[in-house]
Amino acid sequence: MGIYHEVVVPQASPQVKGNLPADAKEIVGRRRELSEARRLLPDTRLLTLTGPGGVGKTRLGLRVAAEVRSAFPDGVWLVELAPLQDVTLLARTVAVGLGLCDQSARPSAETLADYLRDKRLLLVLDNCEHLLDACAHLASLLLSTAGQVRILATSREPLGMAGETLLAVPPLSVPEPGCPATVNEASTYDSVRLFVERAQLAVPDFTLSAENSATVVRLCQRLEGIPLAIQLAAVWIPALSPEQILERLDDRYRLLTRGFRTALPRHQTLRAAMDWSFDLCSRQEQALWARLSVFAGGFDLEAVERICAGDPFTADDVFDLVTALIDKSIVARDDHDARTRYRLLETVRQYGHERLVESGTEAELRRRHRDCFQQLVEEADAAWFTPHQTEWLNRVRLELANIRVALDFCLTVPGQARAALRMCADLYEYWVFYGAHSEARHWLDQALQLEDQPSTDRFDALAVNATIALLQGEAPTTLPLLEERRDHAHLIEDSHADALTMSISGLAAFLQGDLAAAVPLLKGALDGYGEHHDSPAHRSDRNDAFLTSVYLSFAATFLEDPRARAFAESCRKTAEASGAEWALSWGAWVVGLERWRAGDVRQAANLFQDALSRQYALDDRWGPAWVLEALAWVTAADCRAVRRAAFLLGVAENLRRLIGVSLSGFRPFAVAHDRCAAGLRESLGDKGYEAAFQRGLNIDVQDAIADAVGKRLLPEDTARAISRASSVLTSRERQVAELVAEGMSNKDIASRLVISQRTAEAHVEHILTKLGFTSRAQIAAWTRTEGGSGR
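In this numbering scheme, every chain counts its residues from 1 along its sequence in written order. Under the rules for a predicted model, residues below a pLDDT of 70 receive no local features and side-chain atom pairs below 80 are neither given nor counted, while totals for whole chains, interfaces and linings still include all residues. Note that water and hydrogens are dropped before the side-chain values are worked out from all heavy atoms of the structure.

To define a nonpolar core, start from buried Ala, Val, Leu, Ile, Met, Phe, Trp, Tyr and Cys residues and group those joined through side-chain atoms within 4.5 Å. Type-normalised accessible area, obtained with a 1.4 Å probe on protein chains alone, sets the label of each residue: buried when under 20%, exposed when over 50%, and partly exposed for intermediate values. By size, the foremost hydrophobic cluster in this structure holds 231 residues, and its most contacted members are Phe195 and Trp589. Residue contacts follow a heavy-atom distance rule, with two residues in contact if any of their heavy atoms lie within 4.5 Å. When residues no more than four places from it in sequence are discounted, the contact partners of Phe195 are Phe206, Val216, Leu219, Cys220, Ile230, Ala233, Ala234 and Ile237. If you look at the next biggest cluster of nonpolar residues, it comprises 23 residues, including Val55, Leu62, Val76 and Leu152.

Have a look at this one:
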C-alpha cells in the first residue's frame, strides 16, 4: 500500500471538443429520424431515443450527435452506461466521460453541475434503461443548473421526467409482404441495404442479385428490420447462402414464438436471432460466449485465458475461439495503443449472461474474474514507484470497469470483504490519480463496515480512507479513523503502523497550517520508514516514505526551517532513484518551492516549468492546480509580468474548481495565495487584477497548461500559416479577437460592440475558421503574439 497526495484523470485532447468515436457518422438509412432529431435538439433540453434492444438507438444517437456537433462549442460528450451497475457511481461516471476529476467531498452530481453551469455542450447518455431513476434525477439536476446543456439519451424506456421529448427508433424499413422484390426495388429499403453492406464485409463479392433479392427481402421481413438481428444473420454469408440462412431461421422462429408468447414480438424476433446465432456456434464457441459475459467494459486475451479456459476448451484454444466470435460479430475488437482488447455488445453480453447462469457456473467464473483482477491490482501497486508507472497507469485505466465488478463481488459474496479492503488499499495511488476520491471512499466505507476485525488489510484501508478524507478537506472525518488506527495497531506486529499513522497526522497538521507540529511528526515518520524501506514485505514503503518526505519538505519550507533545503534535495533524489514520472514532477515542485521561499525566483520558475511539463505529459490535473499557483507567485516577482501572474492565479483556481478542491483546505498555500493576490491588486488595481484573473478563470485549462510549459498549440508550419492568415481578418474581427483575449463571452462582446449575440458568435466562428483554430484560448494566445498589446 502507498499513501500520496493527488494526481488525476486522463483528459481529452485540448484541441478536440468531445469524445465521439471516429465512426460516429457511419449509419445506414435513418433519414427521417435524423431529420427529426436535428429539428428537436436546439429547443429540446432532453431528447430520449427509445426502442427495443438491438434496434440501433446507439448508432443513431452517435450520428445525430456528430451532425449537430458544430452547435456546441464546448463539445459533444459520449458516456456509455451499459457497464455501470452501481447507481451511486452514475455522476462519477458522467464526470469521467467529460474528462473531469471528482476529488471533492461533495457528491459528484453537485461538482458536475457546477462545472456544467456555464457550458454549452451536448451530453450523450447511452443505455440508460437499467438506471432509469438515477439518470432522471441526474438529468433533472444538470438541466436545472446548466441552462445551455442539452442531453441526448438512449434507453429502452423513457426516463419519465418533465420536459423529456421522446423519439421512438423503429426498425429499419422493410418491404411489405407481397411487394415486388426486384433488385432495384429491394435496394431502396434500409434493412436490405444493411444486410448487403454487412454481408460484403464478410464476402466482398457478395451482391444483391435477381437470384437472391427475394430471399434477402424475406430474411429482413422475418427479422423485422432490427439492425442487430440483420447483422447477426449477415455474418453467416461465408458459410451459408441466403436461402440456407432463411431456412434455419424459419425453423427456429416457429419454435421460439411458441416458447416466448409473453414477450413483445420484436423482442421475440431479437431473442430468436440470438438463439439462432448461438445454436450455429460450436460447443466451444457457445461456452466462451457465455463466459465472456463476466467482463465489463472490455478484456484482453490474457484475461480470457486465465478466467474462461476450462472444459470444453483450453487456454490454447482461446485465440482461435475469440477470432471465430469476432467473425460472427459476437465479439468486437478495439485497439488501445499497443494493446488489443475485445468487448461484447451489451445486448450480446446480456444474452451470454443468461446462458452462463443456466450453465450453473456463474459463481465460479465470477470468483476467477475477481482473482484475476485482484492480482492485476497487486502488480500495479508493486509497479507504482518504478519506471513502469506510466504503463501501469494506462493498464489500470483500461480495466477500471472490471476492477469495479471484482470489488462488487467482494462486497456481495459473504466472507470476501477483506479482499475488497486489500484491493482498495493497493489501488490508492490510482484512485487518486484518476480523481476517484469519492469512489474510493464509496468502496472503502462498505468494506470497512463489513470487515471490522483488526488486520493489516483493515489498518491499511483505514489509512487510505483517512488520507483521502484529508485531501478532500474533511479533517474532522480523519480524527476517528486515526484513533482507530492507533487503538488497534498494537494487536498485530506491524512495525510500519506507527510511521504511517504519524505521517497522516503530520499531513493533517500541515494542511491545517500547524507547521510547528507538522515538521516533527513528519520527520519522525520519515525516520521510521528509513529503518525498513528495503523490506520485501513492505514494497510500498518506498512510496510512503517519498510522500512523507514531500509533506515534510512542504512544511519545512513554509515554516522557513533551516533544514528545508536539505529535506527538499533529499526528496528529489528519492524521486530520481525511482524513475517514476509522477515522482519526478513532485521532486521538481518540492525543490522549486524551497527555492521560491529562499528568494531564487529564476531557479524556482525553471523547476516549476519542469514539474508542469511532466504533469502535462501525464495528463495530471491535480498537480498543475498547485504548480501553476506557485508559478504565479514567482511570476509576480517580475514587475513586467504582473498581469501574467494574475492570469495564472485564475487558471489555478479554474483547475481547483474542476477537481473540487478549495484553497481553504490547504492553509499554507491559501496564505501564500492571499499575499500574492494582494500584491497584484496593488500593482494592477482591483479592476485590472480582476480582468486578468477572470481571463485565467475562463480559459481552457489544457490550453493554458500547454502555454505555460511552452508547448505550441499548433505545429511550427501551422503557426507560420497563422501569421500569414492574420492579414485576412477584418478590422471588426481583430476587434472581436482582442475582446476574446480579455476573456469576454459572446454575450459580453455583443454588449460592448452593440451588436447581436448571434453576430458576435458568427465573428468568433469566422476567426476560428480563418486562423485554423479550435478554441478561444488559441485566439487569445494569437492575439497576445500578433497584436503585441502586452496582455
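A pair of Phe, Tyr and Trp rings is counted when the ring centres sit within 6.5 Å of each other, with Trp represented by its six-membered ring. The angle between the planes then sorts it: under 30 degrees is stacked, over 60 is edge-to-face, the rest tilted. Enumeration over the complete set of coordinates arrives at 29 aromatic pairs. Geometrically, the ring pair formed by Trp289 and Tyr351 is tilted, given 5.3 Å between the ring centres and 40° between the ring planes. Of this pair, Trp289 sits in helix 12 (residues 283–291) while Tyr351 sits in helix 15 (residues 346–359), and the two are 62 residues apart along the sequence. Neither Trp289 nor Tyr351 differs from the other in exposure class; each is buried. Runs of E in the DSSP output that reach at least two residues are strands. Runs of H or I that reach at least four are helices, and both are numbered from the N terminus.

Whether two strands pair depends on DSSP finding at least two bridges between them. Judged by pairing direction, the sheet is parallel, and its five strands sit side by side in the order 2-3-4-1-5 without closing on themselves. The open sheet is flanked by strand 2 (76–80) and strand 5 (164–168), the only strands paired with a single partner. Each strand axis lies, on average, 20° off the axis of its neighbour in the sheet, ignoring direction. As defined by bridge partners, strand 2 adjoins strand 3 (residues 122–126) across five bridges and the pair is classed as parallel. In the sheet register, Glu80 faces strand 3, and the bridge partner there is Asp126. Orientation is described by lines fitted to C-alpha atoms, with helices fitted over the stretch in contact, and by angles between N-to-C directions that extend from 0 to 180 degrees. Packed onto the sheet, helix 2 (residues 57–67) meets strand 1 (46–50), strand 2, strand 3 and strand 4 (150–155) and runs at close to 160° relative to strand 4. Against the sheet, helix 3 (residues 90–97) contacts strand 2 and strand 3, and its axis sits at roughly 135° relative to strand 2.

As a further point, take unusual backbone geometry. Backbone torsion omega between Asp311 and Pro312 reads 20°, so that peptide bond is classified as cis. Examined against the element boundaries, Pro312 turns out to sit in the loop between helix 13 (301–308) and helix 14 (318–327). Here Glu224, not a glycine, exhibits a phi torsion of approximately 55°, which is positive. Position of Glu224 among the secondary structure elements: in the loop between helix 8 (213–222) and helix 9 (227–234). In this model, Glu560 sits at a positive phi of 60°, which is unusual for a non-glycine residue.

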